[in-house]
Amino acid sequence: MASNQASLNSTKFPLAVHNDVEQQITTLELEAKDNFDYSKRAQWLRAAVLGANDGLVSIGSLMMGVGAIKQDIKAMILTGFAGLVAGACSMAIGEFVSVYSQLDIELAQEKRDHGNEEEEEEEGDKESLPNPLQAAVASALAFSMGAIVPLLAASFISNYKARLGAVVGAVSLALVIFGWVGAVLGKAPVVRSSARVLVGGLIAIAITFGLTKLIGSTAL
């Protein structure tokens, strides 16, 4: 009888230990997720979200400004397209120059810190350095992604007032979406972030439309 109890205890003990190990592993995985440093996403997230928002607000405001004094759909579309091309090029060049300057600074700092090291370690360090060309392309694409929204909204509506309303509605919806995506990826408050992006974009559009309307009505 005693031998049977000893055998039973010896079989239960490993199971209990195994369960404890699984619980500890699960707890560590949850803690690792909770302690993830979302600030590491800040650089690429800033470039993507700000680039898209910039394209959205800039081209939307530009098209609304032209629409304030001209009802011709062709004028709005051509203005928006020209703004998309110019803005994407400007974003790409600006990001390329900025990231290239950062790359030069980091390379110079690594030379001061490490001196002469093995080639394998240097190659590993280079892989983690910022890529100016990649940053330029990403910025141009992000700007274009935002800029295409008001262009598509206005392209197929001939009625003047309906076209202006479609541009404002499409821009507003896209601003909320971009704000929500940025907040989720960065683990920031979703409602506050989306509202801030939406209000800021609509203010920019309203100012552009109002000032252009004012200047156009005074025939300056």
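Cut-offs applied
- Per-chain numbering applies: the sequence of each chain, read as written, is numbered from 1 onward.
- Local features in this predicted model are restricted to residues of pLDDT 70 or higher, and side-chain atom pairs are both shown and tallied only at a pLDDT of 80 or more, whereas totals for entire chains, interfaces and linings draw on every residue.
- For the side-chain quantities, the full set of heavy atoms in the structure was used; hydrogens and water were omitted.
- The way it works is that DSSP assigns letters per residue, a run of H or I at least four long becomes a helix, a run of E at least two long becomes a strand, and they are numbered from the N terminus.
- Categorising residues by exposure relies on relative accessible area from a 1.4 Å probe, with only protein chains included: less than 20% of the type maximum marks a residue as buried, more than 50% marks it as exposed, and the intermediate range marks it as partly exposed.
- Note on definitions: a residue-residue contact is assigned when non-hydrogen atoms from the two residues lie within 4.5 Å.
- Accessible surface is estimated by sampling points in the Shrake-Rupley manner with a 1.4 Å probe; for residues, cover comes only from the protein chains shown.
- Helices are assigned an expected span. That span is 1.5 Å times one less than the residue count.
- What qualifies as a polar contact is a pair of N or O atoms within 3.5 Å, subject to a donor-acceptor requirement within protein and to the restriction that residues adjacent in sequence count only when both atoms come from side chains.
- Each patch is built from residues lacking any salt bridge and having more than 30% relative accessible area; the joining distance is 9 Å for like charges and 5 Å for nonpolar side chains (Val, Leu, Ile, Met, Phe, Trp, Tyr).
- Only one rule defines a salt bridge in this text: a Lys or Arg side-chain nitrogen within 4 Å of an Asp or Glu carboxyl oxygen.
- UniProt positions are given in the numbering used here, feature names are shortened, and annotations may be inferred rather than shown by experiment.

Caption draft 1: Geometry of the overall build of the chain. Regarding its fold elements, the chain presents seven helices and zero strands. Secondary structure of the chain in N-to-C order comes out as α-α-α-α-α-α-α. Out of the 220 residues belonging to the chain, those deemed buried represent 28%. Residue pairs at least 24 apart in sequence account for 77% of intrachain contacts in the chain once pairs closer than 6 positions are excluded. For the chain, the accessible area works out to roughly 14200 Å², and carbon and sulfur atoms hold 64% of it.

Caption draft 2: Representation of helix H6 (residues 160-186). End to end, H6 covers 39 Å across 27 residues, agreeing with the expected 39 Å (1.5 Å per residue, within 8%). A distance of 3.3 Å separates the backbone nitrogen of Lys161 from a side-chain oxygen at the start of H6, and that oxygen is part of Asn159. One or two steps after H6, the chain reaches Lys187, where phi turns positive at roughly 55°.

Caption draft 3: Focus on the environment of Gly182. Inspection of the secondary structure assignment puts Gly182 in helix H6. The spacing of Gly182 and Leu50 is 132 residues in sequence and 9.3 Å in space, taken between C-alpha atoms.

Caption draft 4: Local environment of a nonpolar patch on the surface. Together, Ile93, Phe96, Val97, Tyr100, Leu133, Val137 and Leu141 give the surface a local cluster of nonpolar side chains, amounting to about 670 Å² of exposed area. Listed by contribution, the elements that provide at least two residues to the nonpolar patch are helix H3 (73-114) and helix H5 (132-155). Per-element tally for the nonpolar patch: the top contributor is H3, with four residues. Since its relative accessible area comes to 56%, Ile93 is described here as exposed.

Caption draft 5: View of the UniProt feature "transmembrane region" (unreviewed entry) in the chain. Sites flagged by UniProt as "transmembrane region" (unreviewed entry) map to residues 44-63, 75-93, 135-157, 164-185 and 197-216. In residues 75-93, helix accounts for 100% and strand for 0%; the two terminal C-alpha atoms are 27 Å from one another. Taken end to end, residues 135-157 is 91% helix and 0% strand, and its first and last C-alpha atoms sit 35 Å apart.

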